[in-house]
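Per-entry structural report
In case you want the letters, here they are:
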Amino acid sequence: MRLVCPLLLLAAVTSILPAQQQVLRIGSAAARPGEMGSGFIDVPAGVDSATRIPITIARGRESGPTLALIAGTHGSEVAPIIALQRVRRDLDLTQLRGTLILVHVANLPSFLGRTIYYSPVDHKNLNRVYPGKADGTVSERIAYAITREVIERADYLVDMHAGDGNESLRPYTYWSPLGLNARADSIARAMALAWGSEQIVIDTARPHDPQASVYTQNTAQLRGKPALTTETGYLGMPAEEMVQRNVEGAFRVLRFLRMLPGPVPPVEHPVWVDPAVVLRSPGTGIWYPRVERGQFVQKGAVVGALTDFFGTELAQIRAPFAGVVMYVVATPAMSAGEPLGMIGHPAEER
Ligand SMILES: [Zn+2]
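My aim in this report is to walk through the structure given alongside it, one point at a time. Since the structure is predicted, the reported quantities are computational estimates derived from the model, not experimental observations. (Residues numbered from 1 in each chain as written. Predicted model: local features only at pLDDT ≥ 70, side-chain atom pairs only at ≥ 80, totals over all residues. Heavy atoms only, no water.)

**Quick word on the nonpolar core**
Filter applied, for reference: Buried Ala, Val, Leu, Ile, Met, Phe, Trp, Tyr and Cys residues form a nonpolar core when they are joined through side-chain atoms within 4.5 Å. For every residue, the accessible area (1.4 Å probe, protein chains only) is compared with the maximum for its type, and the residue is labelled buried under 20%, exposed over 50%, or partly exposed between those bounds. Only runs of H or I of at least four residues qualify as helices and only runs of E of at least two qualify as strands under DSSP, and these elements are numbered from the N terminus. Residues count as neighbours in contact if any of their non-hydrogen atoms are within 4.5 Å of one another.
The biggest cluster of nonpolar side chains holds 52 residues, and the ones touching the most others in it are Leu67, Leu69, Leu91, Leu100, Val158 and Leu254. Among the elements that make up this core, the one with the highest residue count is helix H7 (residues 240–256) (seven residues). Apart from residues no more than four positions distant in its own chain, Val158 is found in contact with Leu67, Ala68, Leu69, Ile70, Met191, Trp195, Leu228, Thr230 and Val253. Counting 28 residues, the second largest nonpolar core, distinct from the first, contains Ala31, Ala106, Ile146 and Val150.

Written out as structure tokens, the structure is:
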């Protein structure tokens, strides 16, 4: 009798396993159904230095959708980063249906370098360079890796932001209907209600070109995958209440997608916010905020003042309309053109 090489036999068996039985590998992370695995997506060196992206794959035994939760797109927005460690710890794999991909820190150069907005390597904003470039600078290569390895595998996505290191922010969610895909728009709306923040900013201004999708969330949405951007946390700190809100939001979306059992009571009194305007600094100097996050301001109310480096007032910034301070920059450094804060006005009933 002719002996069959055991490796060939194994290869033949593997290839006829149903897809959901096979090992799912993303970078060095791997998981079979019912397993969880962590590892890194390598972003090789190019025109600048290499980096890597820590991820976890969690798979239920039962097949189902794939949800990607991304933290740390901006490295100093830390409450979601801490929250995903808890999601990883607390997730009950025996209850999970489908696949959860956790991107623990999308932007490791910014996180470790403690920068706001921009990478310390290429000075680009990771949430403005999607879908990225294989031969670009490090932020573009991170975006390229996340697009290919995470977004293209996902059915749903939440890009979890917070107030950056300088931003005192009250929790809110961006719902970004594009009018291109009614299913994606309406499921994303329901996901926003499931996530749990009462204030939901309607942003219809995101680009329509999948090759110039700019934002993480928009990259998914333009590929037909319902997606949200959430904002939960402030000032570069993992405030316990904000960490907890991120954890709850993640589990609420998992239950909404029927990836975990249990009810999701929708937000009872959502406040749809439209318009929301980012106020920008008319000059460079020292910023004195005069409002708090979440405060209601009347039209014309002083949001803050800018002085030169010696203390002479250069400008007073006023609210362009009545609304809520969604975030306000609460640290003194200010450069011309940078955000000072965002005011949101409640929209008509949706
Ligand atoms: Zn952010």
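**Things to note about the environment of Val291**
Here Val291 shows up in the loop between strand S13 (285–289) and strand S14 (296–297). Separated by 187 residues in sequence, Val291 and His104 place their C-alpha atoms 32 Å apart. The contact partners of Val291, leaving out residues within four places of it in the chain, are Val297, Val302, Val303, Val325 and Val328.

**Concerning the coordination of the zinc ion**
The cut-off we apply is this: Here the term donor refers to an N, O or S atom within 2.8 Å of the metal (or 3.2 Å for Na, K and Ca), and because water is left out of the atoms, sites may appear incomplete. Angular criteria define each label, namely tetrahedral for four donors with all angles between 85 and 135 degrees, square planar for four and octahedral for six donors with opposite donors over 155 degrees apart and remaining angles between 65 and 115, and irregular for whatever fails these tests.
Those donors, His74 (ND1), Glu77 (OE), Glu77 (OE) and His161 (ND1), are the protein atoms that reach the zinc ion, and they lie 2.0 to 2.3 Å from it. Around the zinc ion, the four donor atoms are arranged such that angles at the metal cover 57 to 146°; this shape is classified as irregular. Counting along the primary sequence, the residues that act as donors to the zinc ion give the motif H-x2-E-x83-H. In this pair, Glu77 is assigned in the loop between strand S5 (62–71) and helix H2 (79–90) and His161 in strand S7 (residues 156–161), connecting sequence segments 84 residues apart. Using a relative accessible area of 4% as the deciding quantity, one classes Glu77 as buried.

**A closer look at the pattern of salt bridges**
Opposite charge on two side chains lets them pair, provided their charged atoms get close. Note the following rule: Each reported salt bridge corresponds to a side-chain nitrogen of Lys or Arg within 4 Å of a carboxyl oxygen of Asp or Glu.
A complete count under the given rule lists eight salt bridges for this structure. Among the ionic pairs, Asp48 bridges to Arg141, the shortest N-O distance being 2.7 Å. Of this pair, Asp48 sits in the loop between strand S3 (36–43) and strand S4 (51–59) while Arg141 sits in helix H4 (residues 138–149); the two residues are 93 residues apart in sequence, bridging distant segments of the chain. The buried category is assigned to Arg141, whose relative accessible area is 5%. Between Arg206 and Asp203 there is a salt bridge, with its nearest N and O atoms 2.8 Å apart. Three or more residues joined by partner-sharing salt bridges are found here, namely Lys124, Lys133 and Glu140.

**Here we look at the packing of aromatic side chains**
Quick reminder of the rule: Only the six-membered ring of Trp is used, alongside the rings of Phe and Tyr, when aromatic pairs are assigned; centres must lie within 6.5 Å, and planes under 30 degrees apart are stacked while those over 60 apart are edge-to-face, with the rest tilted. In this scheme, the term charge over a ring applies when either NZ of a lysine or CZ of an arginine sits within 6 Å of the ring centre and within 35 degrees of the ring normal.
Applying the stated criterion across every chain yields a total of three aromatic pairs. Judged by centre distance (5.7 Å) and plane angle (80°), the rings of Tyr117 and Tyr118 are edge-to-face. Here Trp175 and Trp272 contribute two aromatic rings whose centre-to-centre distance is 5.7 Å and whose plane-to-plane angle is 70°, an arrangement assigned as edge-to-face. With Trp175 in strand S9 (residues 172–175) and Trp272 in strand S12 (residues 271–280), this pair connects stretches of sequence that are 97 residues apart. Residues Trp175 and Trp272 agree in their burial class; the two are buried. Stacked on the ring of Tyr174, the Lys or Arg Arg206 has its end atom at 5.3 Å from the ring centre.

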